[in-house]
Amino acid sequence: MKKTHIVAILVIAAAIAIIVSTAGDASTYVTFDQAFQMAAVGNKNSIHVVGDLKKDAQGQIVNLENSPDNLSFSFVLLDENKKEQKVYYNEPMPPDFTRSEKVVVIGSYRGDLFVADKILLKCPSKYQEQKLNAKV
Amino acid sequence: MFHYFIGNLGHLFVIASFVTALVTTFCYWRATNTRDLSLHQYWILNGRTGFILHSVFVLGIVIALFTIIYEHYFEYHYAYAHSSLHLPGQYMISCFWEGQEGSFLLWMFWQAVLGVVLIFTQRTWEAPVMTIFALVQTFIASMILGVVIPGLVLKIGSSPFILLRDAMSDPIFSIQPNFIPKDGNGLNPLLQNYWMVIHPPTLFLGFALTLVPFAFCMAGLWQKKYTEWIKPALPWTLLGGAVLGLGILMGGYWAYETLSFGGYWNWDPVENAVYVPWLILIASLHTLITYKNSKTALRFSIILVISVFILILYSTFLTRSGILGDASVHSFTDLGLSGQLLVYLLFFTFAAAALVILRWKEIPATDKEISTYSREFWIFIGATTLCLMGFQVLVPTSIPVYNKILEIVGLHSNMAPPANQIEFYSRFQLWFAVAVALLSGTGQFFWWTRIGKEKLKHELLAPFLLTLIVWAVIIVVARVTSPVYMAMVLAGVYIIVSNVKVLVMVGRANPKLSGGAIAHIGVGMVLIGILFSSGYSRVVSLNNTGLLYNGEMGTEFNRDNLLLFINEPRNMAGYEIEFLGERLEPRHKTGFVKRTEVDVTDDQYKVVANRDIIFRGKKLYDAKDTIEIYPENTFYEIQLRQGEKVAATLFPRIQYNPSMGGILPSPDISRGITRDLYTHVSSSMNRESEPTWGDTEEVRVKIGQQFFVNDYVAVLEKVERIHEIRGLALENNDVAVQANIRIEGEHDTYLAKPMFVIKDQKEVGRIAYEVGELGVKITLLNIHPDTNEFTLGLNGRQKDWVIIKAMEKPYINVLWIGTGLLMVGFTMAMRRRFKED
């Protein structure tokens, strides 16, 4: 066997290892119910949940609680099945949090509370304005 | 007034550049395929004229678009969406490439420049190479074409010259079709940074440069000149590697200075999308050099060169088609070009693959076994490792693409990118970096000396020992304990030591050849710099207040952020940190102005100094001077002290820009030789909502009498009659008095001036005075002429506060110095290779 063949085999093996490890480390988009079940069976992986902030009839965000020292906060997120879940985030509230339309939380359940390690905010207005804010 | 002419002219240039690119492709293609010499000359001349015309048109588009931005023609969507009246001049350039159309234009511009250079320098390769060039230009020009094909409902490209009323369906346009907004939306504040003026052009020049080796490679395969293309392609590959690398590093530096995620690299898909092609480009560079010297690995080189260009197209597709969606925070929005981008990507992928397959058998290959002691072997292994390194990043970055493909075939996939990207990628990339460093350190010995088994030991012994000694010193001094980091330091030191040895050896013989060694020393320093600045990045603002948010969370959370009340120092991580107040930035002078030193005016862009303003011992303004400011920016003065010594005074920024999605923080960095101190504001007081004031406390005081307000000592200095209020003269029947109250703050003395007005001898008005920094509001409630006393109403509120995160980044300068050396090395190697012709 030529040396190049050995190298080729090693490369293929490494490539397969990379793909397998990616598949293993990849997170998933789930609903809160699925996330809860995962936590219940001892799966501690961080998962992604996409949802909307809970709002009242006037469009005001409700159940948004800042900690007294402003260093962390919690909010209620509605996932795609409209299930409500309290989410805790151990960072100060991002300045544009209340303006975001969709929130992706990455984290896991601790008991009944969903603890987010990271929050991605989707503000469609950020790069492409929808309405003219014209001063006539 | 609508400026139709400039937009129409611009759009005409776009169409003309598209047509000329297409015609040029045809001319050069005919020139390549004809055997008749005079006919060949005829087509070459046509092609050349076509491409130069094309380049002129591209320049015309650039000028037209820039005119629209610079002259604030807000009837155009591009100017409205990306610029505004108050945008500083230098950032007008950044507006140009904030939008996708402008960045395509930039890309096209660089390729036009490179094409012209090639026309005049590469006469033998002109026809086939320029066929590829013009074809690529045709594809890119189509992205900004903005033409709707009649009959079919198909829009090709998105023109930057579209009018606002055509781009937006706002009701105002049906009432008032000629409506032009007074001001634009403004440039994304994160892009208002000098790095954003030079980072995109550098990056896109890097993109454009990858086309040159690709075009030569395609031309070589097409013309069956399988080996000759390497010589002209090599220096361009070097230039591409340098420029693309520089562009990526500038992006990282911008992120470090501007974004507040606390670092220079975040493994975001947008970053990965350029990192992968760069790795493969570096791999191809090494195999091309090997081929030039020893005629091996030609097929491998060809595949690598093609892959680089295809990966650039793939990264363009990823970042601009909107496919990354939920996966990336800062990808471009979808302009409806995904289809076109996909065609662009697939066309060149399949065309290149077909050509390679067609010619595969004819590409010369060596059958002889390569020796383990040859430099070719080590370069080959190194290049393969670089490819795997890129592959490891590419596979997870493409997860959204797999989901999309599965969705198209009717399956549902909920795969998401790894939850902690930094941790995930670093874990793998670190070991790849170690491997690459060890390989390239060893490879250098084989490169410059033909050595066998026996001599190898002798050659490697000294560098090995030296490496171990330096390594041990670093490990002990810097207290490196993690085995992974130890390995990384070892690899970094090894590559530096072995290349210093080569540098000494080669530099003595011929200094011009030392570019490679210098670049590799740079790589070693970059590795060590990354390791220390990221691996040993330390949160200084670790919270130890003992305040718990709630019982159910327990104490397991580390609080990385710190709440600072104004003028209340806090001790953490060996530093005393104090928030000293809010600052404004004057438009025309360097330095900062305290918010309490100025009074607002009706024009939000102007404030008036209420005393002499001194910044760092230098007088900036006299009292009563009008100062032009940036109203959207607030800076927070944060002082870090070690003992009595001020370690750093930092001014992290918050930019308030409602039309850009709210509030954007930017860090400030205090640079030191051994470490940087990095601070950003995580949260601040909400300026929009009225603060909650405590109950009014009334005091009756005489002139000169002391009293307490919100725990500060205050004294009523005098009460005087005034004749105008904020520039408004009073009527004859009106009486107004103003009290001057001095309040002693921690660092400063503040003057509060509440007013008491009697209109027409009956109506009483009271104008309260707020000292924001102290959280104090004073109202002159009543005057008692009988006892010479005055009743003051005092309100207190929570003092101003800010939440910050501060970090220490040790030895980050090693990274920047390494980057500099890398660039020096590249430049030297490039000079040598360009001169070889």
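All values derive from a computational prediction rather than experimental measurement.

## A short note on the overall build of chain A
Regarding its fold elements, chain A presents 2 helices and 7 strands. Listing the helices and strands of chain A from first to last along the sequence gives α-β-α-β-β-β-β-β-β. Of all 136 residues assigned to chain A, the portion counted as buried reaches 26%.

## Some thoughts on the overall build of chain B
Of the regular secondary structure elements, chain B holds 20 helices and 32 strands. With respect to the principal axes defined by its C-alpha atoms, chain B has extents near 115 × 70 × 55 Å. Within chain B, contacts between residues at least 6 apart in sequence are counted, and of these 67% link residues at least 24 apart.

## What about the sheet that holds strand S13 (residues 626-628) of chain B?
Consider a sheet: its strands pair through backbone hydrogen bonds, and that pairing is either parallel or antiparallel. Residues and elements named next belong to chain B. Ordered by their spatial adjacency, 3 strands build an open sheet running S9-S10-S13, and the pairing between neighbours is antiparallel. Of all the strands in the sheet, just strand S9 (598-600) and S13 have a single pairing partner and so form its edges. Averaged over all neighbouring strand pairs, the angle between strand axes comes to 40°, with direction disregarded.

## Quick look at the pairing of strand S25 (residues 735-744) of chain B
All names here are of chain B. When strand S22 (residues 712-721) meets S25, the two strands line up antiparallel, connected through 8 bridges. Residue Val715 lies in a different strand from S25, and its bridge partner there is Arg742. For S25 and strand S27 (residues 755-759), the ladder comprises 4 bridges, and the chain directions are antiparallel. Counted as the bridge partner of Gln738 is Met755 from S27.

## Some thoughts on the domain arrangement of chain B
Residue and element names in this part refer to chain B. Taken as a whole, chain B is organised into domain 1 (1-192), domain 2 (207-417), domain 3 (439-536 + 813-837), domain 4 (558-687 + 803-810) and domain 5 (697-797). Computed from C-alpha atoms alone, the centre-to-centre distance between domain 2 and domain 3 is 25 Å. The partner domain 3 presents 20 residues to the 18 residues of domain 2 that form the contact. Looking at which element gives the most residues to the side of domain 2 that touches domain 3, the answer is helix H10 (residues 230-258), with 9 residues. Looking at side-chain class alone, the side of domain 2 that touches domain 3 contains 11 nonpolar, 6 polar and 1 charged residues.

## Some remarks on unusual backbone geometry
Most peptide bonds take the trans configuration, and most residues that are not glycine carry a negative phi. All names here are of chain B. The residue Lys295 is not glycine, and still its phi comes out positive at about 55°. Within the element layout of this structure, Lys295 appears in the loop between helix H11 (269-294) and helix H12 (298-320). Judged by the 13 C-beta atoms lying within 10 Å of it, Lys295 falls in the partly exposed class.

## Here's the deal with the confidence of the model for chain A
All names here are of chain A. Looking at chain A, the pLDDT average stands at 79 and 87% of residues meet or exceed 70. Looking across chain A, the model is least confident in strand S3 (residues 65-66), with a mean pLDDT of 80, and most confident in strand S5 (residues 84-89), with 89. Under a pLDDT of 50 for its full length, residues 124-130 has, in the predicted model, 11 contacts with residues more than four places off or in other chains.

## Quick look at the packing of helix H19 (residues 515-535) of chain B against helix H20 (residues 812-835) of chain B
All names here are of chain B. Their axes nearest at 7 Å, the elements H19 and H20 cross at an angle of 160°. By the angle between their directions, the pair H19 and H20 is classed as roughly antiparallel. Of the two possible hands of crossing, H19 and H20 adopt the one that is left-handed.

## Quick notes on helix H4 (residues 89-98) of chain B
Along H4 of chain B, the residues classified as buried are Tyr91, Ser94, Cys95, Phe96, Trp97 and Glu98 of chain B. Buried residues belonging to H4 of chain B abut helix H2 (37-70), helix H3 (77-82), helix H5 (100-121) and helix H9 (194-222) of chain B.

## Describing the environment of Val343 of chain B
For Val343 of chain B, the position within the fold is in helix H13 (residues 338-359). In this structure Val343 of chain B comes out as partly exposed when scored by C-beta crowding, with 13 C-beta atoms within 10 Å.

## Quick notes on the packing of helix H18 (residues 483-509) of chain B against H19 of chain B
Residue and element names in this part refer to chain B. One can describe the packing of H18 onto H19 by two numbers: an axis separation of 8 Å at closest approach and a directional angle of 160°. Relative to H19, the element H18 lies roughly antiparallel. As for the relative orientation of H18 and H19, their crossing is left-handed in sense. Counted together, Tyr485, Met488, Val489, Ala491, Gly492, Ile495, Ile496, Asn499, Val500, Val502, Leu503 and Val506 of H18 and Ala517, Ile518, His520, Ile521, Val523, Gly524, Met525, Leu527, Ile528, Leu531 and Gly535 of H19 form the full contact between these two elements. Of the residues belonging to the contact of H18 with H19, the class tally is 18 nonpolar, 5 polar and no charged.

## Quick word on the sheet that holds strand S31 (residues 789-796) of chain B
All names here are of chain B. Taken in spatial order, the 4 strands make up an open sheet running S20-S31-S30-S29, and their pairing is antiparallel. Among the strands making up the open sheet, the edge pair consists of strand S20 (697-701) and strand S29 (769-771). Across the sheet, the mean angle from the axis of one strand to that of its neighbour is 30°, orientation sign disregarded.

## Topic: the environment of Leu780 of chain B
Residues and elements named next belong to chain B. Checked against the element boundaries, Leu780 lands in strand S30 (residues 776-784). In this structure the C-alpha to C-alpha distance between Leu780 and Phe790, which are 10 residues apart in sequence, comes to 7.4 Å. Every residue in contact with Leu780, bar those within four places of it in the chain, is listed here: Ala739, Pro754, Met755, Phe756, Arg766, Phe790 and Leu792.

## Some thoughts on the pairing of strand S15 (residues 645-650) of chain B
Residue and element names in this part refer to chain B. Where strand S14 (residues 633-642) and S15 come together, 5 bridges link them in antiparallel fashion. Opposite Arg641, over in S15, you have Val646 as the bridge partner. Connecting the antiparallel pair S14 and S15 is a turn made up of 2 residues, with Gly643 showing a positive phi of about 65°.

## Quick look at the nonpolar core
Residue and element names in this part refer to chain B. In this structure, Ala215, Cys217 and Leu527 are the most contacted members of the largest nonpolar core, which totals 189 residues. Examining the composition of this core, we find that 16 residues originate from one element, H9, more than from any other. If you look at the next biggest cluster of nonpolar residues, it comprises 31 residues, including Phe592, Phe635, Ile638 and Val802.

## Considering the environment of Gly50 of chain B
Residue and element names in this part refer to chain B. Note on placement: Gly50 falls in helix H2. Distance from Gly50 to Ala352, taken between C-alpha atoms, is 25 Å for residues 302 residues apart in sequence. Those residues in contact with Gly50 that lie beyond four places of it in its chain are Thr20, Val23, Thr24 and Cys27.

## Quick notes on the confidence of the model for chain B
All names here are of chain B. Within chain B, residue pLDDT values average 86, and 93% of them lie at 70 or more. Every residue in residues 546-556 is under pLDDT 50, and counting partners more than four places away or in other chains gives 5 contacts. For this predicted complex, the interface confidence reaches an ipTM of 0.83, while the overall pTM sits at 0.88.

About the cut-offs
Residues numbered from 1 in each chain as written. Chains lettered and ligands numbered in written order. Predicted model: local features only at pLDDT ≥ 70, side-chain atom pairs only at ≥ 80, totals over all residues. Helix = DSSP H or I, 4+ residues; strand = E, 2+ residues; numbered from the N terminus. Buried ≥ 20, exposed ≤ 12 C-beta atoms within 10 Å, placed from the backbone. Contact = placed C-beta atoms within 7 Å. Pairing = 2+ DSSP bridges. Axes fitted to C-alpha atoms, helices over the stretch in contact; angles between N-to-C directions. Domains from an automatic or database assignment. Nonpolar A, V, L, I, M, F, W, Y, C, P; charged D, E, K, R; others polar. pLDDT = per-residue confidence, 0-100. Parallel < 35°, antiparallel > 145°, perpendicular 65-115°, else oblique. Left-handed = near helix turned anticlockwise from the far one by under 90°. Core = buried A, V, L, I, M, F, W, Y, C linked by C-beta atoms within 7 Å.

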